[in-house]
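# Residue-level structure breakdown
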Amino acid sequence: MIVTGKKTRKSVKYLCTVILAAAAYLPLFADSSYTVQRGDTLYSISRKYQLTVAELRTANNLSDSDVIKAGQKLVIPSADISNAAALSATPDADSSAGKPETGTTKTYIVQKGDTLYGIARKYDMKLAELLSLNSMGSDAVIKAGQKIAVAGGTPAETPPKDTVPVKPDSSKNPGDDDIARTGDSSLMWPVENPNVTYVKGKVSGVELSAKKGEQVKSIRAGTVMYTGMYRGYGNVVFVESKTGLIYAYSWLGSVSVRKGDYVVCGDTVGTAGKDPDTGSPRLSFMVFKNGMPMDPAEAPRG
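The sections below set out a description of the structure shown in this document.

Here is what the cut-offs are and how they apply
Residues numbered from 1 in each chain as written. Predicted model: local features only at pLDDT ≥ 70, side-chain atom pairs only at ≥ 80, totals over all residues. Heavy atoms only, no water. Helix = DSSP H or I, 4+ residues; strand = E, 2+ residues; numbered from the N terminus. Buried < 20%, exposed > 50% of the residue type's maximum accessible area, 1.4 Å probe, protein only. Areas by Shrake-Rupley, 256 points an atom, 1.4 Å probe, with all protein chains shown as cover. Contact = heavy atoms within 4.5 Å. 1 Å grid on protein atoms, 1.4 Å probe; cavity = no way out; pocket = protein on both sides within 12 Å on 5 of 7 lines; lining within 4 Å. Points joined across faces, edges and corners; volume = space filled by probe spheres on them. Nonpolar A, V, L, I, M, F, W, Y, C, P; charged D, E, K, R; others polar. Polar contact = N/O pair within 3.5 Å; in protein donor to acceptor, adjacent residues only side chain to side chain. Phe/Tyr/Trp six-rings, centres within 6.5 Å; stacked < 30°, edge-to-face > 60°. Lys NZ or Arg CZ within 6 Å of the ring centre and 35° of its normal. Salt bridge = Lys/Arg side-chain N within 4 Å of Asp/Glu carboxyl O. Arc of directions from axis to C-beta.

### Quick look at the overall build of the protein
- A count of helical and extended segments in the protein gives six helices and 15 strands.
- The burial tally for the protein puts 42% of its 302 residues in the buried class.
- A total of about 16,200 Å² of accessible surface is found on the protein, and carbon and sulfur atoms cover 53% of it.

### Structural notes on the side chain of Asn134
- Examined against the element boundaries, Asn134 turns out to sit in the loop between α6 (127-133) and β4 (147-151).
- Contact partners of Asn134, with chain neighbours within four places excluded, come to Ile148 and Ala149.

### Here we look at the layout of surface pockets
- Roughly 500 Å³ of internal volume is contained in the second largest pocket.
- Forming the boundary of the second largest pocket are 26 residues, of which Val53, Ala54, Arg57, Leu87 and Lys259 lie nearest the centre.
- Those elements that provide at least two residues to the lining of the second largest pocket are α2 (42-49), α3 (53-59), α4 (81-88) and β9 (222-230).
- Ranked by residue count, the leading element in the lining of the second largest pocket is α3, at four residues.
- Classifying every residue of the lining of the second largest pocket gives twelve nonpolar, nine polar and five charged.

### Examining α4
- With eight of eight residues buried, α4 lies mostly within the body of the structure.
- What α4 keeps buried is the set Ile81, Ser82, Asn83, Ala84, Ala85, Ala86, Leu87 and Ser88.
- With a side-chain oxygen lying 2.9 Å from the backbone nitrogen of Ser82, the N-terminal cap of α4 falls on Asp80.

### Focus: the packing of aromatic side chains
- Throughout the structure, instances matching the rule amount to seven aromatic pairs.
- Note on Tyr34 and Tyr49: the rings are 5.9 Å apart at their centroids and 70 degrees apart in plane angle, and the pair reads as edge-to-face. Of this pair, Tyr34 sits in strand β1 (residues 32-35) while Tyr49 sits in helix α2; the two residues are 15 residues apart in sequence, bridging distant segments of the chain. An identical accessibility class is assigned to Tyr34 and Tyr49; each is buried.
- Site record: aromatic cluster; members linked through ring pairs are Trp189, Tyr247, Tyr249 and Phe285.
- Its end group placed over the ring of Trp189, Arg301 keeps NZ or CZ at 4.8 Å from the ring centre.

### Remarks on the pattern of salt bridges
- Under the definition given, this model contains three salt bridges.
- The salt bridge involving Lys126 is made with Asp80; its shortest N-O contact spans 3.4 Å. In this pair, Lys126 sits in the loop between α5 (116-122) and α6 while Asp80 sits in the loop between β2 (73-76) and α4, placing the two residues 46 residues apart along the sequence.
- Arg282 serves as the salt-bridge partner of Glu207, at 2.9 Å between the closest nitrogen and oxygen.

### Quick look at α2
- Inspection of α2 places Leu42, Ile45, Ser46 and Tyr49 among the buried residues, and these make up the whole buried set. Projected onto a plane normal to the axis of α2, the buried residues spread over an arc of 100 degrees and lie on a single side.
- Residue Gln50 follows α2 closely and has a positive phi angle near 55 degrees.

### Concerning the environment of Asp80
- With relative accessibility at 11%, the residue Asp80 sits in the buried group.
- For the pair formed by Asp80 and Leu127, sequence separation is 47 residues and the distance between their alpha carbons is 9.8 Å.

Shape is all these values report; function is a separate question.
Right under this line is the structure:
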């Protein structure tokens, strides 16, 4: 029996709205492509899609000296702040990452059109793991016929092309629904006397309560490697310490530093932003070692 009426029409209208909304957000939350326009630069494209230039280069196997041209098609990778952190580090900073145990790797021969980004996804690896496994820097470029090591096992299955992803809630960090525990507020944090809440999920880190407009301070000396909007994390500042750790201050209300600046412990990198749901001041803070998140409480201070 077929039921018709206002309720059915409303349901169909709602379903169509959801599908159209998901399609509209597809370029922002999944791999997509972009055709280079006259006047475009990797920097302008990275800002448009709220990614880092390094991610665009790696996803398209471009070197620092490669120039993009109008009409060229670029892969726009899905946002992954772990990848962004690994690629924002200086080329030799991620060479000491932990490698898979002996016997868990195999050799892969690079094919025409391959990228490190694509190979990592194919073998369900973190990009940082693939770079480390092959002692490659974050500026590495691969060539067809080159042999590289990958994780053992069969390649991960590619999801059907007609699958429509659910739009992530950009007001929350990955893993917001899996809160593990509270942290020690007596440690040195980017803001004073915060409530520290650990968040676990795709990327682990902490959320820190803050005062309205409170200054966010660097807790470790280092060089500013990236500033700007990063997809799903609002305004972000990456600071790389001399030991190669990346300190990521995200959901900032404003940014006070520029790429290339050197900050010491206690320097202001920005101000605390607001929780989109509650309007309360907050800050998300993560630390990455070789592109992998580590417990922020265990990261060196000073």
